[in-house]
Amino acid sequence: MISSVNEHRYNANGGNMDLLSGLNDKQRQAAEHDKGPILVIAGAGTGKTRVLTHRIANIIKTGKAKPWEILAITFTNKAANEMKERIGQLIDFSIDKMWIGTFHAICVRILRRDIDRIGYDKNFVIYDTDDQKTLIKDCIKEMNLDTKTYNANVIRSIISNEKNNRNMPDKFIAENFGNFNLRNTGEVYSLYEKKLKIANALDFDDLIVKALKLLEMNEDVLESYRERFKYVLVDEYQDTNSVQYNLVKILSKKTTGESNIFVVGDEDQSIYGWRGADINNILDFEKDFEGAKIVKLEKNYRSTNIILNAANGVIKNNCQRKGKNLYTDFEDGNLINLIETDNEKEEAFMISALMRKEHNKNSINYSDMAILYRTNAQSRALEEGLIREGIPYKIVGGLKFYGRKEIKDIMSYLMLIQNQKDDISYNRIINVPRRKIGKKTVDTIYEHARRSEVPMFEASYDVLELGLTPAATKSVQDFVAMIEMLMIKKDVMSLSEFIQAVYEDTGYRKMLLTDTTVEGRSRIENMEEFLSAAKDFEERYEENSLEDFLSHTSLLADVDKTDDTEKDCVTLLTIHSAKGLEYDTVFVTGLEEGMFPMIRKDDEEEDSEEERRLFYVAVTRAKRMLYITYSNERMVFGHHESRHKSRFLDEIPSECFEESTPQSIAEKKMKSFEMNNLFSENKSYSNREVKSGHSFIEAKNKNLFKGAISFSDNTNYDSEKRVDSPKLKSDKLAAGDKVMHKAWGIGTIVQLSGEGEGQKAVIAFENKGIKNVMLSYAPIEKV
DNA sequence: CGATACGTCCTTTTT
DNA sequence: GGACGTATCG
């Protein structure tokens, strides 16, 4: 077929036209491939999802398989949801019966059905990274090992590695018998496994490992899936680890040897090596699946020529690749703007100023801009800059919603009610809210449980024999009775009613209500959000038991939660989270040796190829405009460290960069001079009272950003800003706007709600705190 | 028993 | 700069 200018556009009424007519030659080859294994190498922005969705739609439309005979595996829920949605637009069939989901979600599904075959109860719970860490700490303590030598985080990653290589504790111990510390680490691993089993809990890695084990050990279960899934599709194949690879293989390869497996990936975007992803899975696909067809997608529909040249220039320095070169029909576009700054504050300030410029001069929506960084820790300085400039933003990652204390607490109640063997949850909530069950009491129960090798909840039934004070005994009995009552309620109430009951019966709600601090209020809000998420889940899904809800929420990542319906604000995220996304304007930050590429002291071996791929991913997120920043100095662990420009910058062809004119440098110096003045005047700001580690995104909600407001008061700054960004004629207000109130003075809009006459705003005033106002009545003017 | 005060460690990246 | 754990006090 002949390429047309619009070939990358979506076919709006695809239902009626030839499904594949909108694809280019290569995409089409991949989408209509019939039987046998096929590998699609899809460079960034080459229409990978498009091929996947059209292929699935085509299979169904041509009658090659029924919806329920298709298995499509992704890495994120976001990718899975997007795929479902887009397939839904292409076909009339219901997609509900299709198995489209993440590796983890698919495995949970498989396990819920038959996990009893490998000795677990079907009501198993899923432990997240925090739970894992807690459990490992318990193990270390119980074994009387030194907590400094045996770091829970380090051991967690060792265990994860071992699991992903399918090494059991015994093997690890045997292999490291000569090394005292590693041998002990192996013993911790062993105890950890034992405790998981007693708790009837699985960690993230287990989900895949145990699913594979279940299939390997139960021929009939395996065969039923093999027969069912006529077509297996895997997205982001370059990120599969060995267990995932084996799972895919065992599910897709029939006993006859034939395999209708379709994998899409890009070795240049393999950035999860640290999580066990094996780039060789994609490099060796042809060997693993004989007679595999290979299709390479190199035509990019996302970025300008200059951005692609930069990306190609960088990635060609890697050896571990099959080699490809992205190209486009698009014009050259803007040159890349490379920005050098003196420190991370100036970096944040420059970015903020440039974002404002893009927004005001080029009419770019804030939601079409993103700031990418290597580590989450970098977000703090960037947030400060954005708050000062009053640019609305949202952060992806960092402190996750489901990682917040109150959410984890309520989840723990739910998990314990579902599975009374879950000791981690038991310990978490036994005395939250306070019920006079102190450390000593808990320790006594713990010891008793450990001696009889039963879960703590079960051990609590023996409370009378433990020689506790009458008061403590009573408290424990009350606790047990309360959980038992809730177990009954679970079976007679709807999910949302039940969770509400848990919230109230446990006294958790009462506890939150007595906390009148800003933090406490934010807890209540989070809780309400959680309750409405449960309600939403209940209404949306037919399978909406507590068990389903827990599986669902345990596997939710933060990236998945970002709904695109949010207001117009810029996005801050790590490059890892940004994979698969695209933005008109992208700022890639912190291009400094040691930071990016990241180099750690005491490193085993640095994988600079993976770092380079990461940079490649970052660059290829940009559609129109790319900014890259680096700083000569950066605060690390509270200390100033001087930095050097990253080697990666030399790999971008120099003609891709904008010349730094003397004028622009002068302008920059001017700005940084002003900024330093302002920063030094705002000491109160840097000493702000953000108590828990909820970062700025919360500080923002809590309106603690007094600095932002006094900043806007600064006349120097204001006059400068006005020159740079003419005031908008429209009286439309947006979050982040600064307003002048007749009585209360200057404030910043934190949140808008409602429409037209009834529109309300939450405004943070400099001296008057937070106010809720009705916009149609309030004497307010935009500043 | 619980609240507060310091010391220690820390940071990749995420399902 | 901050989270988390242990020490110390009320």
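Model, not experiment: these values are computed from the prediction.

Enquirer: Looking at this model, I keep getting lost on the overall build of chain A. Mind explaining?
Expert: In terms of regular secondary structure, chain A is built from 34 helices and 21 strands. Split into buried and exposed, the 783 residues of chain A put 55% on the buried side. Taking the contacts inside chain A whose residues are at least 6 apart along the sequence as the reference set, 75% of them involve residues at least 24 apart.

Enquirer: Sorry, what's going on with the UniProt feature "binding site: ATP" (unreviewed entry) in chain A here?
Expert: The sites that UniProt annotates as "binding site: ATP" (unreviewed entry) are Ala42, Gly43, Ala44, Gly45, Thr46, Gly47, Lys48 and Thr49. Within the secondary structure layout, threonine 46 lies in the loop between strand S1 (38-42) and helix H2 (48-61). Under the relative-accessibility criterion, threonine 46 is labelled buried at 1%. Residues contacting threonine 46, with those up to four places away along its chain left out, are Gln27, Leu297, Glu298, Lys299, Asn300, Tyr301 and Leu326. Of note is the side chain of threonine 46, whose polar atom sits 2.6 Å from the backbone oxygen of glycine 43. The residue glycine 47 is located in the loop between S1 and H2 in this model.

Enquirer: Help me out: how do you make sense of the nonpolar core in this one?
Expert: A general trend in soluble globular proteins is that nonpolar side chains are found buried together. Counting 69 residues, the largest nonpolar core has Tyr127, Leu414, Phe479, Ile499 and Phe530 as its most contacted members. Take this core: its biggest share by element is eight residues, from helix H17 (residues 405-418). In contact with isoleucine 499, other than residues within four places in its own chain, are Leu414, Phe530, Leu531, Ala534 and Phe549. By size, the runner-up hydrophobic cluster in this structure holds 46 residues, among which are Leu212, Leu215, Ile279 and Leu555.

Enquirer: It is not clear to me how the packing of aromatic side chains should be interpreted in this structure. Could you clarify?
Expert: Aromatic rings considered in pairs are described by the distance between their centres and by the relative angle of their planes. Counted by the stated rule, this structure contains 16 aromatic pairs. When the ring of tyrosine 272 is compared with that of tryptophan 274, the centres are 5.6 Å apart and the planes differ by 45 degrees; the resulting orientation is tilted. According to the relative accessible area criterion, tyrosine 272 is buried, its value standing at 13%. A centroid spacing of 4.8 Å and a plane angle of 40 degrees characterise the contact between phenylalanine 537 and tyrosine 541, whose relative ring orientation is tilted. Clustering of aromatic rings is evident, with ring pairs tying together Phe530, Phe537, Tyr541 and Phe549. The ring of phenylalanine 124 is capped by arginine 112, whose NZ or CZ atom sits 4.0 Å from the centre of that ring. Lying across the ring of phenylalanine 177, arginine 183 places its NZ or CZ 4.6 Å from the centre.

Enquirer: In this structure, what is going on with the pattern of salt bridges? I would like to understand it.
Expert: Opposite charge on two side chains makes pairing possible when the charged atoms of those side chains draw close. As enumerated under the stated definition, the model contains 50 salt bridges in all. Two residues, lysine 623 and glutamate 582, come together in a salt bridge whose shortest N-O distance is 3.5 Å. Here lysine 623 is found in strand S14 (residues 622-631), whereas its partner glutamate 582 is found in the loop between helix H27 (575-578) and strand S13 (583-588), with 41 residues between them in sequence. With relative accessibility at 33%, the residue lysine 623 sits in the partly exposed group. Among the charged side chains, a salt-bridge network with shared partners connects Lys48, Asp235, Glu236, Asp239 and Lys579.

Enquirer: Can you help me understand the pairing of strand S10 (residues 369-373) in this one?
Expert: Two faces belong to every sheet, and in a regular strand the side chains alternate between them. Within S10, five of the five residues are buried, which leaves it mostly tucked inside the rest of the structure. Residue alternation in S10 divides its side chains into two sets, Met369, Ile371 and Tyr373 and Ala370 and Leu372, and both sets are buried. Bridge count between S10 and strand S12 (residues 570-574): four bridges; the pairing is parallel. Considered in S12, the bridge of leucine 372 is made with leucine 573.

Enquirer: It is not clear to me how the pairing of strand S9 (residues 337-341) should be interpreted in this structure. Could you clarify?
Expert: Burial analysis of S9 places four of its five residues in the buried class, which makes it a mostly covered element. Bridge count for S9 against S14 is five bridges, and the pairing is parallel. Each bridged residue has a counterpart across the sheet, and for glutamate 340 the counterpart in S14 is tyrosine 630.

Enquirer: What is the right way to look at unusual backbone geometry in this model?
Expert: What is expected of a backbone is that most residues other than glycine have negative phi and most peptide bonds are trans. Note that the residue after valine 432, namely proline 433, is joined by a cis bond; omega there is -5 degrees. Within the secondary structure layout, proline 433 lies in the loop between helix H18 (423-429) and helix H19 (439-452). A cis geometry characterises the amide bond from phenylalanine 596 onward to proline 597, with omega recorded as 10 degrees. The topology assignment puts proline 597 in the loop between S13 and helix H28 (608-619). For lysine 436, which is not a glycine, the phi torsion comes out positive at approximately 65 degrees. Relative to the elements of secondary structure, lysine 436 occurs in the loop between H18 and H19.

Enquirer: Where do I start with the packing of H17 against helix H25 (residues 546-554) in this structure?
Expert: Running from N to C, H17 and H25 cross one another at 135 degrees; their axes reach a closest spacing of 10 Å. Regarding the angle of H17 to H25, the classification is oblique. Where H17 crosses over H25, the two elements pack in a sense that is left-handed. Of the residues in H25, those in contact with Met411, Leu414, Met415 and Gln418 of H17 are Leu546, Glu547, Phe549, Leu550, Thr553 and Ser554. Classifying every residue of the contact of H17 with H25 by side-chain character gives six nonpolar, three polar and one charged.

Enquirer: What am I meant to see in the sheet that holds S10 here?
Expert: What links the strands of a sheet is backbone hydrogen bonding, and the strands pair in either a parallel or an antiparallel sense. Spatially, six strands are ordered S9-S14-S13-S10-S12-S11 in an open sheet, and the strand pairing comes out parallel. Taken across any chain shown, the strands that pair with only one partner, and hence form the sheet edges, are S9 and strand S11 (393-395). Neighbouring strand axes in the sheet, compared pairwise and without regard to direction, differ in orientation by 20 degrees on average. Sheet strands in contact with helix H15 (residues 344-361) are S9, S10, S12, S13 and S14, and its direction is about 155 degrees off that of S14. Contacts from H28 reach S10, S13 and S14 within the one sheet, and its direction differs from that of S14 by about 130 degrees.

Enquirer: Explanation requested: the sheet that holds strand S2 (residues 70-74) in the structure shown.
Expert: With respect to topology, six strands assemble into an open sheet ordered S3-S2-S6-S7-S1-S8, the strand pairing being parallel. The open sheet has two edge strands with one neighbour each: strand S3 (99-102) and strand S8 (293-297). Averaged over all neighbouring strand pairs, the angle between strand axes comes to 15 degrees, with direction disregarded. Here S1 pairs with strand S7 (residues 261-265) via four bridges, running parallel. Residue pairing for S7: valine 40 is matched across the bridge by valine 264.

Enquirer: Could you clarify how one ought to interpret the packing of H2 against helix H3 (residues 77-90) in this entry?
Expert: When two helices pack together, their arrangement is given by the angle between their axes and by how far apart the axes lie. Two numbers describe how H2 lies on H3: the axes approach to 9 Å, and their chain directions differ by 50 degrees. Taken together, the axes of H2 and H3 are oblique relative to one another. Read as a crossing pair, H2 and H3 show a hand that is right-handed. From H2, Thr49, Arg50, Leu52, Thr53, His54, Ile56, Ala57 and Lys61 reach across to H3, where they touch Glu82, Met83, Arg86, Ile87 and Leu90.

Enquirer: Just to check I follow, could you spell out the environment of asparagine 280 for this structure?
Expert: Following the sequence through the fold, asparagine 280 ends up in helix H12 (residues 280-283). In the structure, asparagine 280 is positioned 13 residues away from glutamate 267 in sequence and 8.8 Å away in space, judged by C-alpha atoms.

Enquirer: Sorry if this is basic, but what is going on with the confidence of the model for chain A here?
Expert: As a general rule, the predicted coordinates of low-pLDDT regions are not to be interpreted in detail. Taken over all residues, the pLDDT of chain A has a mean of 82, while the share at 70 or more is 82%. A low-confidence stretch, residues 1-16 stays under pLDDT 50, and its non-local contacts, those more than four residues away or across chains, total 22 contacts. Low pLDDT, under 50, characterises residues 677-731; the predicted model gives this stretch 91 contacts beyond four residues in sequence or across chains.

Enquirer: Please clarify how the environment of tyrosine 393 should be interpreted in this entry.
Expert: If you trace the backbone, tyrosine 393 turns up in strand S11. A relative accessible area of 3% means that tyrosine 393 is categorised as buried. Spatially, the C-alpha atom of tyrosine 393 lies 9.9 Å from that of isoleucine 371, the residues being 22 residues apart in sequence.

Criteria and cut-off values
Residues numbered from 1 in each chain as written. Chains lettered and ligands numbered in written order. Predicted model: local features only at pLDDT ≥ 70, side-chain atom pairs only at ≥ 80, totals over all residues. Heavy atoms only, no water. Helix = DSSP H or I, 4+ residues; strand = E, 2+ residues; numbered from the N terminus. Buried < 20%, exposed > 50% of the residue type's maximum accessible area, 1.4 Å probe, protein only. Contact = heavy atoms within 4.5 Å. UniProt positions renumbered as here; feature names shortened; annotations may be inferred. Polar contact = N/O pair within 3.5 Å; in protein donor to acceptor, adjacent residues only side chain to side chain. Core = buried A, V, L, I, M, F, W, Y, C linked by side-chain atoms within 4.5 Å. Phe/Tyr/Trp six-rings, centres within 6.5 Å; stacked < 30°, edge-to-face > 60°. Lys NZ or Arg CZ within 6 Å of the ring centre and 35° of its normal. Salt bridge = Lys/Arg side-chain N within 4 Å of Asp/Glu carboxyl O. Pairing = 2+ DSSP bridges. Axes fitted to C-alpha atoms, helices over the stretch in contact; angles between N-to-C directions. Parallel < 35°, antiparallel > 145°, perpendicular 65-115°, else oblique. Left-handed = near helix turned anticlockwise from the far one by under 90°. Nonpolar A, V, L, I, M, F, W, Y, C, P; charged D, E, K, R; others polar. pLDDT = per-residue confidence, 0-100.

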